[in-house]
Amino acid sequence: MTIKRSFPQTRRNFLAGLAAVSAAPALAQNVNSAATTELERDLSQSVRRNISSFRALDWQPYFDHLKNGAILVDTTSRALHYWGEDGGTYRLYPSSVPLSEDLTRRGRTSVVQKVEGPGWRPTPNMLKRNPDWPAYIPPGPDNPLGTHALYLSWQYYRIHGTHDTRKIGRRSSNGCIGLYNEHIAELFAMATVGTQVLLI
């Protein structure tokens, strides 16, 4: 005797199937970027809960004041929060974060320079790990810093855009925090030299 199991078309089953179909192109893209981004779990597997840490936060637990505005980068939820000096401006952006713990720096810093159309130079450590990399990439579509960059007081650390949008939401950088180009352009217009930055 053969027992046939039927699975009713519930909302949960429908969404799980939809996720499997829509994830296929994204997973195919990750195969080519395996050396520069983390590979996520198989999105076609069913997930019992959808609890996200990507949520709005209040600035008070992290900063004493909002003079010059404040940026909080949460490396766990891969999100960047910005509060304007006026206390009424708040933005929340998905971000890329460093590829590994040894590349991740946490603590307090500030914006020391703003550059529109930045050029990119790999750090000495990057060149040791990747000797075939070019010494300099000028502004343009091949530039890893995207269209805008906020330079931090920590040497070599930036909050910048990226032309490779697959990196956003992943551990994919050598230490910097990456945003979609349209998001860094918006943040660039609001942040000032002196904006306080906290990475947690």
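For the structure itself, consult the block above.
Here the structure is a predicted model, which is why all the values come from computation and not from measurement. (Residues numbered from 1 in each chain as written. Predicted model: local features only at pLDDT ≥ 70, side-chain atom pairs only at ≥ 80, totals over all residues. Heavy atoms only, no water.)

Q: Where do I start with the pattern of salt bridges in this structure?
A: Pairing is possible between side chains of opposite charge, provided their charged atoms come close. Enumeration over the complete set of coordinates arrives at three salt bridges. Here Glu186 ties to Arg91 by a salt bridge, and the two come within 3.1 Å at their closest N and O atoms. You can see Glu186 sitting in helix α3 (residues 181–190) and its partner Arg91 sitting in strand β3 (residues 90–94), a full 95 residues away along the chain. Overall, the relative accessible area of 33% leaves Glu186 in the partly exposed class. Judged by relative accessible area, which is 32%, Arg91 ranks as partly exposed. Between Arg106 and Glu101 there is a salt bridge whose closest N-O contact spans 3.0 Å. Judged by relative accessible area, which is 55%, Glu101 ranks as exposed. (Salt bridge = Lys/Arg side-chain N within 4 Å of Asp/Glu carboxyl O. Helix = DSSP H or I, 4+ residues; strand = E, 2+ residues; numbered from the N terminus. Buried < 20%, exposed > 50% of the residue type's maximum accessible area, 1.4 Å probe, protein only.)

Q: Quick question: what am I supposed to make of the packing of aromatic side chains here?
A: For any pair of aromatic rings, geometry is given as the distance between the ring centres together with the angle between the planes. For the coordinates displayed, the defined rule picks out four aromatic pairs. When the centroid spacing of 5.5 Å and the interplanar angle of 40 degrees are considered together, the rings of Trp83 and Tyr90 count as tilted. Classification of Trp83 as buried rests on a relative accessible area of 4%. Assessed through its relative accessible area of 25%, Tyr90 is described here as partly exposed. An angle of 80 degrees between the planes, with centres 5.7 Å apart, marks the rings of Trp154 and Tyr157 as edge-to-face. Following the ring pairs from residue to residue traces out a cluster consisting of Phe63, Trp83 and Tyr90. Note that Lys114 overlies the ring of Phe188, its terminal NZ or CZ placed 4.7 Å from the centroid. (Phe/Tyr/Trp six-rings, centres within 6.5 Å; stacked < 30°, edge-to-face > 60°. Lys NZ or Arg CZ within 6 Å of the ring centre and 35° of its normal.)

Q: Looking at this model, I keep getting lost on α3. Mind explaining?
A: Buried residues of α3: Asn181, Ile184, Leu187 and Phe188, and no others. Mapping the buried residues of α3 onto a view down its axis gives an arc of 125 degrees, with all of them on the same face. Opposite the packed face of α3, turned more than 90 degrees from it, sit the exposed residues Glu182 and Ala189. (Arc of directions from axis to C-beta.)

Q: Just to check I follow, could you spell out the environment of Thr195 for this structure?
A: Along the polypeptide, Thr195 turns up in the loop between α3 and β10 (196–199). With 110 residues separating them along the chain, Thr195 and Glu85 place their C-alpha atoms 9.1 Å apart. Not counting the four nearest positions on each side in its chain, Thr195 is found in contact with Asn68, Gly69, Ala70, Ile71, Tyr82, Ser110 and Val111. There is a polar contact of 2.9 Å between the side chain of Thr195 and the backbone nitrogen of Thr192. (Contact = heavy atoms within 4.5 Å. Polar contact = N/O pair within 3.5 Å; in protein donor to acceptor, adjacent residues only side chain to side chain.)

Q: For this particular structure, what's the right way to read the sheet that holds β10?
A: In space, the eight strands of this open sheet follow the order β3-β2-β1-β10-β5-β6-β7-β9, with mixed pairing throughout. In this open sheet, the two strands that pair with only one neighbour each are β3 and β9 (177–180). Strand after strand, the sheet turns through a mean of 25 degrees between neighbouring axes, direction not considered. Packing against the sheet, α3 makes contact with β1 (70–74), β2 (79–83), β3, β5 (107–116), β6 (148–152), β7 (158–162) and β9, and its axis sits at approximately 105 degrees to β9. (Pairing = 2+ DSSP bridges. Axes fitted to C-alpha atoms, helices over the stretch in contact; angles between N-to-C directions.)

Q: Would you mind showing me how to read the side chain of His81 here?
A: Along the chain, His81 falls in strand β2. Here Tyr90 takes part through its side chain, which lies 2.7 Å from a polar atom of the side chain of His81. Excluding anything up to four places from it in sequence, His81 contacts Arg55, Leu57, Ala70, Ile71, Leu72, Tyr90, Arg91 and Leu92.

Q: Explain unusual backbone geometry here, please?
A: Keep in mind that most residues, glycine aside, have a negative phi and that most peptide bonds are trans. One non-glycine residue with positive phi stands out, namely Asn68, at about 70 degrees. Take Asn68: it is sitting in the loop between α1 (11–32) and β1. Taking the relative accessible area as the measure of exposure, Asn68 reaches 28% and is therefore partly exposed. If you check the backbone angles, Tyr156 has positive phi at about 75 degrees while not being a glycine. For Tyr156, a relative accessible area of 39% corresponds to the partly exposed category.

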